[in-house]
Every structure is written in structure tokens, then in C-alpha cells.
Amino acid sequence: MIPVAFDYTAPSSVADAISALGSDSEEIKVLAGGQSLIPVLRLRLAAPTLLVDIGRIPELRGITDEGDAVVIGAMTTHAEVADSDLVKEHAGVLAKATETVADPQVRHRGTLGGSLVHADPAGDLPAPILALDAELVIAGADGERTVPAANFFHDMFATAVGDREILTKVRIPKHTGWGAHYEKFTRVAQQWSIVAVAATVKVDGGSISAAKVALTNMGATPIRATGVEQALLGRAAAGDTVKQAASSAAEGTNPPTDTNGDASYRRHLANVLTRRAVLAAAAS
Amino acid sequence: MTVTEERSVTEVGSPRRRKEDGRLVTGRTRWTDNISLPGMLHLAMVRSPMAHATITSIDVEAAKSSPGVVAVFTGADLGDEQGSLPCAWPITADQKAPPHPSIAVDTVNFAGEIVACIVARSAVAAKDAVELVDVEYDDLPVVVDMAAAAEGGNLTHPDLGTNVSATWVFDSAEAGTGGNVEDAIRDAEVLVERTYRQQRLIPAFMEPRSVVCDPTGEQTTLWSATQIPHILKLMLALTCGISESKLRVIAPDVGGGFGGKLQVTPEEVITLVVSRRLGKPCKYTETRSESLLAGHHGRDQIQKLTLSATREGIVTGLKVDLLADMGAYLGLVTPGVPILGAFMYNAIYKFPAYRFECRNIFTNKNWTDAYRGAGRPEATFAIERLMDELAVEIGVDPLEIRERNWIKHEEFPFSTVAGLEYDTGNYEAATARAKELFGYDALRAEQRERRESGDPVQLGIGVSTFTEMCGLAPSRVLGALSYGAGGWEHASIRMLPSGKVEVITGSSGHGQGHETAWSQIVADRLGVAFDDVEVLHGDTQISARGLDTYGSRSLTVGGMAVVAAADKVIEKARPIAAHLLEANADDLEFTGGKFNVRGTDSSIGIGDLALAVFAAHNMPDGVEPSLDAEATFDPENFSFPHGTHLCAVEVDTETGETKIRSYVCVDDIGKVVNPLIVEGQVHGGLVQGIAQALWEEAVYDDSGTLVTGSFVDYLVPSAADLPHFTTDRTESPSSTNALGVKGVGEAGTIASTPAVVNAVVDALRHLGIRDIEMPCSPHRVWSALQHRDGDGSSSGADTPTEKTFVDDDADPSHNAQLSGEGSGSGAAEQGGLA
């Protein structure tokens, strides 16, 4: 299928991008890799009049060590995130989730920022970002502002990033020494997550001293399984205790029903996958 | 460059790499969509979003004035010129069929049906105008469920007065091929009654359908991504009232079909009619979304089965009551697809009584038609699932129950209860080899251990011992089945003066490897180099006669025509060779590409003879200066490949997920021309059959909207989802053709589906599971386990999981052994709560 005609601009700086977003074109979309946007255009589900391609802005790309945090530019590709030693060491659950995104071709084109701002409920990167208590830096005409991940995801395909803003970077507090695992459930390899669980835990002397768990595709936005996190604290990182703690994973969720499963099945999966994710994280 | 070698090894049987793959794999070839002609216009279709509605008005004015648009056509605009799309297989004299205009005129009968066609100077301009066409519809009641439709209620086509298109019966008592099945059921010591559902599938070929039509010459030329250029030519002529001699159809390289391109499509008719109206070349290429929505679908049957047997597990009768969902219309062979299955329900077994009754049902969905195996996978699934169920009833191993019933190798040729004569086969040999490769006994031991320990991941073993009828088809048989054509195939051979050989086949390959296989056959037959043979196909001006490619017929029928043509070449060459060698023709022997005078070293090669004939300076009196020959082969009988497939799966009772642990198949496809091509066919076939078992399903909602309209929801597997396949062959050459070949294009697809589902059920049998509806998704497996536990709240409300339990065993006393060992084990309880 062929998209409806649109104008295209590829600014070379954040300032130029913000200025392009401020133009009076009727409907503006940001192109940040295009793994979701291009299919939507080709299916004519969207018909923007202007595409602002932010993939050619050097300052939006790269991974840096900023002391107590790892900072990832929004246009850093999935492949770069998954391969980064900094990310693997200090934000392991993000590296592990990123490895599961689609296929190598997509991981070399798709970007972290694109995935986060697209905010597909079945996308794999919002949950680890939420679990890691990341901060998201948003640039607009009035300068930059920082939003915690907990306030970033507003609804299905809706985030704190406004129409005339772009996400510039993600600041992730270091979780050095934490175990991490992303447990993703699909029917075929090339499929969006039916349910997935991002878990990162700190184990001291065989018991869990800190735990962060977030769920993918259990509602319109990623969801922290706070009940599970609390239940895990101080408990042994072993099968029975983790199983008991994980049994509350689906509490307060509102998962979808589709051809892959209904809501009750997804709630059940959330419990099973949370147990598996936490045990794997504790063992990693 | 040609390498000419001394021909010491035979080509047939050698794993030649496919000569066509260079251009097919790189795409540096002519696909239909690559074709661009001067002044060519582009078509886009406006499709109905409604499944059943009256068209009250169509406003095309805005579309007509859209930039680049040349014309917009509605069904009314095309009028009689578009005719009614053909159905070549009226299975009964009173079969009911609605008219089938390519562009709907008064009503639409499925979502995706074409209501208008945009013609524009570019593909973009045509697409842009689609949404400017304003169609008003009045809703009609939508018929989606075939079982409900069969009982009456709302009608898909009110004018027909019924949703039943035709009822077709085969009864062995009436046919004189066996006993009365009702007697067998009455006297049964054991009865197994089951209902299985063959979900609707989408062929999902790689190359979307595309058609280009050039009306500017004396003949109108139509290129199409089709499997059937010859049938298409005839049918387009008849449908549109064009002289057949004024039409030329070309199938250039075609990227797969699986039966999905065995069709005369609305898009082909529209492109033909519109290009002739406008006097301009036109092109239409579908999007992937249109392909899934409106390319014909496959399967979609409900099979109600009754198997009677003795206490020893000897089957005494089989009764099949089938409902087949036609969708809204009858395509080229739609009504005949279930009939192709009718002859295969008895499979490899010696059933003494058999009755098959099929009702073909109309619904407001896309029409179904041939899809890889066409009727035979459905039949094989049913009987192979039933044999596993019978094994459980009797309490013996599933391989044992099969052996008690199958035709022994010394009993061939064997006349079956369905009236076919199986020529050769050796089920014992294939099964023994498969068991050995599989490690059957060790896997059974591991299965016992896992059951006893209540492992959350259970092991299941599935068996499928299949056969199929290939080589469609003896023309007299097709005549008896009221099919509208014969089943022969044609070939011709042209001997070029340079010694090269052109082989023209009426079998229209679309990825199968015809060019390589035919080259191997001709290289051996004529003693020429493999690389000196060029295979031409798919253009009705070059290949004037042919019946195309489907039904595993190419090699068994088309290959035999090539053999016959080659033999004619040799016989035409013989008197000329005798003349040039100054010998008696009877003293010549033809070996290694040369005629030798027996007992001398005097000889002449076939290439030299081709040059001599080209020059024609020195011909024997009364002999025409040509070695070229053609032949038509009509098979006497079908061929009957068979095989034993064994599948081990691991089913995670916590999530319901199935993973294939190992898969072994030993196929007997007779003689093999190219083992590499065979291997490719088997692997691809296995994947397609496994996909039906585990992943693929075309789902419509209650309003008749296709829910699985993209590859996001219609799950086609990739290599990452599949295990290593262990394949091997046994060989019982077919006696129905001189090559001894049987056909392999559909084998893997037919055999693998029941092997996988049998394995899934086997993994869960001790937990009280007797069936999982296809595809055996994790959700369905998990729901079945919940249902068993009486946790009704867990079953799916919005996905069709309620049907997961097909719980219609007639007599509970027959199920005493079903509970088996370890029922209610910890595994299922863990499945209920993590």
C-alpha cells in the first residue's frame, strides 16, 4: 500500500526539530525509526501532512555514563542499547527486553525513544523503563522538562510528550548488581507480546532486598506490580516464596481480549510469567 | 556458459541445485508487478466493508475528478461484459450457485467484495481516489456460522431459498465397494464418535496476486501471477465472451500459490474488461491486506465422524458427515474440495464399510477453494485423530492400532472401500524406519516419567500414517465426478540446431523446481547435458496445451508427458540416423545421447542429428526434417504416496504453550528425480501443516469482518518457531507411471497436522483432555485444562474456546479407559495458579 502524500523534513538539531513541529502544517508526525509509523502510513490509518524525521540529529543518539545514571539518547537504536556494556551492567532489564524486540533488521532501525513515545501497550520497552524508575527528558519551545516514568505513560499511544515536543533522552538510575530478566510470552517469534514481565531484583545473602516488576500488555499502559514488589521484600529468592508473591501480579490490571487470549488468561499468564521473571532475575 | 561433460552419471536421482533459484531468490526476474508498458494505467479496487448488504447508491463523481483518475467503473457500468465468475466443478446436477459478478451489482455478500474499480495514471492516484467513492448500503442479516446456516435461518442468498449449495454422498454399499455402514455401527463393539473442526486458513503465498493486461495487439495479452495460465485463458474467454484465439495468457515467474492462485479472480476479469474498454494496458497488484481479505481461503469444515470397531480394534465401518463452508460464492473448484477428501477418509486402512455425506454451505464470508492438499488434509486429519482415539478406547499403542488395520505390503494392489486402487506401498517399512529415527520407546519412557512426577511440562507423542491421492488426474475419473475438464498434461520438445534442447511443459511451475527436474529427466532420456536443456512454461503462445499445476500432478502427469515427448524425439531421429550412418534402423541402439550401429564404433549424436535436420541437406526420402515432438499423457490411475510421521511435543501446562521437541517423517514418494527438491517440498509442507495445528486461523467476527486481516493477527510461523526436521524415505515405486514417481508437493502438509495435534492431546490425555480445537493455541490448551477442573470462569468469552471440548462421545461406557493414569495430577493444578 502507498501512503497518502506528505511533506518531509529532517532537521539536524533539536532546536530545528522543535521549530519544525511548530510549523502550521495540518497534522505533524515525528518519525523516530518508523517501525510502527511506516506501517500505519502504508495502511492509510494515518495521513499526516508533515513528517519530521528526528533520526538525523546527532545529539539525540548515544549512551553515556553520568555518574549515578546511564543516559540514553532517544534516537539510540535498539541494537545499540542491547549491545551496550553500560546498559547491560547498570540497567540489565532494559538490555534484556530490548534483545527481544522484533528481529535484527528492526533492532537496527527502531529507536528507544520511538518505542517509548509510540507507547504501544504490547511494546516491550515501556515496562523496563517503568521498572527502572527512569526519568524522561522532553524538549519543547520553552526548553526542557523531566518527567518520571511513572507519570510518562498516559494511555494507549499517549504519553507526556506534547504535540510540539520531542523526547530527547532517558535517564536511568544505575541498578548495578541487580539481577534482571524480561519474560516475554508470544505464540510465534515474530509477534507482539501477549503478556511480558520485566523484573529486576537485588539479592543479598539469598533473600530479596529490593524488587521492581512491571508488566507489558496488561492494560493501556505498562503497570508496576507493586504488590509483588512488596511481597518479595526480605523473602528468599526461591520457588515457593516467589510463587506466592507473584500470585498478586495481575491485581488491578485491565488486560485486553483478542485472538491470542482473553483477559482472564492474560491475568493468569501475568502471575506465571512474573514468578518466572523474578526467579530468573534473582538467578542472573 | 555451458559445461559439456562426458555423461557417465545419471541426472535423475541427483541432488542438483535448482537452476531457477538464482533469479527467483534475488528477484532479478520478471514478476507480473515488474511489468511496465507504455501508457499503462493502474487499477485500485473499492471494497465493501459490509458482509451482507444491498447497495443503494454509489457516488463516483468525487473519485472521477480526483487528480490522475481516468475512469471509475461500477458493476452496473461493466454490465454483461463482466459475465459471472466460473465454477468448473458442479458436484451435483441440482447444485445451487448464485451469480458471481466480478464487481458487485446489487448486493455485497462478503466483506472485501469489490464494488467499484478506479483507473488512474499512477498507482498512487488510483489509491488516493478509493476513499472518495461514496457507497451507501442497506444492511442485510449476516450469516457467519456454517452450522447454524445449514439448519436454515437467515439466508446468504435469499434467491436460492437455502444455504445448502449441494449434498454429495458416497456410500460403499451403494457403490458396491463395501458394506453398509449403518449395519457396522449397529453391530459395533466399540464406537468412537467425534466432531472435529478444520479452521479456515489463508494460503498466504509470498507474492501477492498481480495482473497486467495489454489489449493493444491483435491478441489481448494478460500476464497474471497465476498457477493456471491455460485454464485461465479458456475461462476468461468463456466468461467475458472473447474468442479464445484472441487471448494470450502468460504466467511469468510466480511467487508461490499453494492453491491460492488456482482461481479465476474478479481482479483478472476486471483488469481484462477495463483494459479492453479503454484500449490501454492496465495493471492491478493487490496489497497484502487485500490478499488476506479477498484471495480465496481454504479448509473450513466441520467433520462429524463415527467409527465402529471390534474389541480388538479392527475397524468395521466409518461414517463421515461433513459440513463445508463455501463462503459467499463458488470459486473455480470450491464445491469439489471436500469431494477430493471423500476418497481419503479410509486412508491406509482396510475398512469394510464407509459412508460419506457432505453438505456445502453458503455463508457471508470470503469464498473457500483449493489450499495445499485440498480436501485430503482434512480427511487425513480426521482419520488419524480417530485412530488415536480408537487406540485409547482399545488400550493399545497408536502405532499398534494402525498396524492392525492397515493394508499389508503384500496385499497391494488393493481396492479400497472408497473405490480407488492403491498400486503400491509399504506402510510397515516406513513406520519401522520412522520409529527407529524417532527413538519411540525412549520418548514413551520419558513421557511416563513426566506423568508420574507431575512435571508441569508434559511430553506428548503424535502419530500420523498418511496416504494421499496424487497426480490429478485420470480424465475418466474427473468425468465421473462431473469436473469440467480432463486431467491430462502436455509437453513438447524442440531440438535446436546448436544441440540445445527446449522443453515446453503445460505444467505451470510457480516455485516447485520444474525447470531443474524436467532438465534432469530430459538430460537422461536424450543423453544431453543438464545445462543444455531449457524448460519453457507459462505462456499460452509457447505452451499451447496444458492443464497447469496443482494436486501434486506436475511430475506424475506433466513429467510423464515430457518422457513421452522425448521418446518420440528418439524415434523420429532413428531413421535419420540410420540414413546418415548408412545402417539399418533396426541395428541402431540409442544410449548416452548417441545412436550406435551395434557391433561397430559407428555412431552419431542427437545434437549432430538436430543440426543435420536443420540443414536438411541429406534426409531420407519421405521423412520430415524435424526431430521436434509433442505428447499428451493421461494417467491411468492416481499415485499414492504415503509416510509415517512422528512428532514429540512439550506442553507447558502452566501457560498452555506447545513446543515441538522433535519431528521425524519417513515418506514413500516412489522414485525421486531430485532429492534436494523433495527435501524442500517436505520441509515447506511440514511447516504449513504444523502451522494449521498450532498457529494459523482466519477469524471472522459476528458482523462478518475478517479479524485476522494482517500478519499481526494471522500467525504465519518463521524458522525460529520450528524444530529441526529429521526426514528419510522408503521407496515403493509407483506402477502407474513409467518414472515410478508419486508426487510430494502436498505430503508434508497433509501428514503433519494430525501428527502435531495427536501429540498435543497425547501430552494431556492423562489430565482428562480428549481434544483441543485447532489451532492448539496456548489459550485453548490452558482453557481446556481449566474446563477440566471445572473452573468455568477461566474459559475465553470472546475467543472461540468454548468449543475446545468436543465432548460428544456417544456412550460413556466406551470411555472407561480414558481417565488413564495419574489423572488430577499436580501439573494441572499448577496450571490453574502460578
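Throughout, a residue's number is its position along its own chain's written sequence, starting from 1. Whichever chain is written first is A, and whichever ligand is written first is 1; the rest continue in order. With the structure being a predicted model, the display of local features is reserved for residues of pLDDT at least 70 and the display and counting of side-chain atom pairs for 80 or more, all residues being used for whole-chain, interface and lining totals.

## Things to note about the overall build of chain A
Applicable threshold: To qualify as a helix, a DSSP run of H or I must reach at least 4 residues; to qualify as a strand, a run of E must reach at least 2; elements of each kind are numbered from the N terminus. Here the globule rule reads 2.2 Å times residues to the power 0.38, and the radius of gyration is calculated from C-alpha atoms. Any residue whose C-beta has 12 or fewer other C-beta atoms within 10 Å is treated as exposed, any with 20 or more as buried, and any in between as partly exposed, C-beta atoms being built from the backbone. For the purpose of contact definition, each residue receives a C-beta atom placed from its backbone, and two residues are in contact when these atoms lie within 7 Å.
Within chain A one finds 12 helices and 14 strands. At 19 Å, chain A has a C-alpha radius of gyration in line with the 19 Å of a compact globule built from 284 residues. Projected onto the principal axes, the alpha-carbon positions of chain A cover approximately 60 × 45 × 30 Å. Looking at chain A as a whole, 50% of its 284 residues qualify as buried. Long-range pairs, those at least 24 residues apart, make up 64% of the contacts in chain A between residues at least 6 apart in sequence.

## A closer look at the packing of helix α12 (residues 376-394) of chain B against helix α13 (residues 398-405) of chain B
Two packed helices can be described by the angle between their axes and the distance between those axes. Residues and elements named next belong to chain B. Applicable threshold: Helix axes are fitted only over the stretch in contact, all axes being lines through C-alpha atoms; the angle between N-to-C directions runs from 0 to 180 degrees. Reported orientations rely on four angle classes, namely roughly parallel under 35 degrees, roughly antiparallel over 145, roughly perpendicular from 65 to 115, and oblique for the rest. Side-chain classes are defined by residue name, with Ala, Val, Leu, Ile, Met, Phe, Trp, Tyr, Cys and Pro counting as nonpolar, Asp, Glu, Lys and Arg as charged, and the others, Gly among them, as polar.
Taken N-terminus to C-terminus, the directions of α12 and α13 make an angle of 105 degrees; their axes are 8 Å apart at the nearest point. Compared by their axis directions, α12 and α13 come out roughly perpendicular. Each of Met-387, Asp-388, Leu-390, Ala-391 and Ile-394 in α12 lies in contact with α13, whose residues at this interface are Pro-398, Ile-401 and Arg-402. Of the residues in the contact of α12 with α13, the class split is 6 nonpolar, no polar and 2 charged.

## Some points on the interface of chain A and chain B
In this complex, chain A contributes 25 residues to the contact, which on the side of chain B involves 31 residues. Breaking the side of chain A that touches chain B down by element, the ones donating at least two residues are α11 (239-246) and α12 (263-283) of chain A. It is α12(A) that contributes the most residues to the side of chain A that touches chain B, 6 residues altogether. Tallied by class, residues from the side of chain A that touches chain B come to 12 nonpolar, 9 polar and 4 charged.

## Here's the deal with the sheet that holds strand β6 (residues 134-139) of chain B
Residue and element names in this part refer to chain B. As a reminder of what qualifies: Two strands pair under a simple rule: DSSP has to find at least two bridges between them.
The strand order β4-β2-β6 describes an open sheet built from 3 strands, whose pairing is antiparallel. In this open sheet, the two edge strands, each paired with only one partner strand, are β4 (107-108) and β6. Summarising the sheet, strand β2 (residues 53-59) and β6 pair through 6 bridges and their orientation is antiparallel. Bridge pairing in β6 places Asp-59 opposite Asp-134.

## Observations regarding the domain arrangement of chain B
Residue and element names in this part refer to chain B. This is how it is decided: Residue ranges labeled as domains rest on an automatic or database domain assignment.
Partitioning chain B into structural domains gives domain 1 (21-28 + 488-633), domain 2 (39-143 + 204-294) and domain 3 (423-471 + 637-832). In this complex, domain 1 contributes 15 residues to the contact, which on the side of domain 3 involves 15 residues. Those elements that provide at least two residues to the side of domain 1 that touches domain 3 are α17 (514-526) and α18 (554-581). Ranked by the residues each element gives to the side of domain 1 that touches domain 3, the list is headed by α18, at 6 residues. Here the residues of the side of domain 1 that touches domain 3 sort into 6 nonpolar, 8 polar and 1 charged.

## Description of the nonpolar core
The cut-off we apply is this: Definition of nonpolar core: a set of buried Ala, Val, Leu, Ile, Met, Phe, Trp, Tyr and Cys residues joined via C-beta atoms within 7 Å.
Within the largest apolar cluster, 331 residues are counted, with the highest numbers of intra-cluster contacts made by Val278(A), Leu43(B), Cys117(B), Ile118(B), Tyr345(B) and Val760(B). Residues contacting Leu43(B), with those up to four places away along its chain left out, are Cys117(B), Ile118(B), Val119(B), Ala126(B), Ile270(B), Thr271(B), Val274(B), Cys282(B), Lys283(B) and Tyr284(B).

## Things to note about the sheet that holds strand β4 (residues 63-65) of chain A
Sheet strands pair via backbone hydrogen bonds, and the direction of the pair is either parallel or antiparallel. All names here are of chain A. Within the open sheet, the 5 strands sit side by side as β4-β5-β10-β6-β7. Their pairing is antiparallel. The sheet terminates laterally at β4 and β7 (143-148), the two strands that pair on one side only. The average undirected angle you get between the axes of adjacent strands in this sheet is 25 degrees.

## Here's the deal with the environment of Ala5(A)
You can see Ala5(A) is positioned in the segment before β1 (7-9). Taking the C-alpha atoms as reference points, Ala5(A) and Leu41(A), 36 residues apart in sequence, are found 9.7 Å from one another.

## So, the pairing of strand β5 (residues 114-120) of chain B
The two faces of the sheet receive side chains in turn, since in a regular strand these alternate between them. Residue and element names in this part refer to chain B. Burial within β5 is extensive, with 7 of its 7 residues counted as buried. In this structure, strand β1 (residues 41-47) lies alongside β5, joined through 6 bridges in antiparallel fashion. Its bridge partner lying in β5, Val-46 is registered against Ala-116. Of the pairings in the sheet, the one linking strand β3 (residues 69-74) to β5 comprises 5 bridges and is antiparallel in character. If you follow Val-69 over to β5, its bridge partner there is Ala-120.

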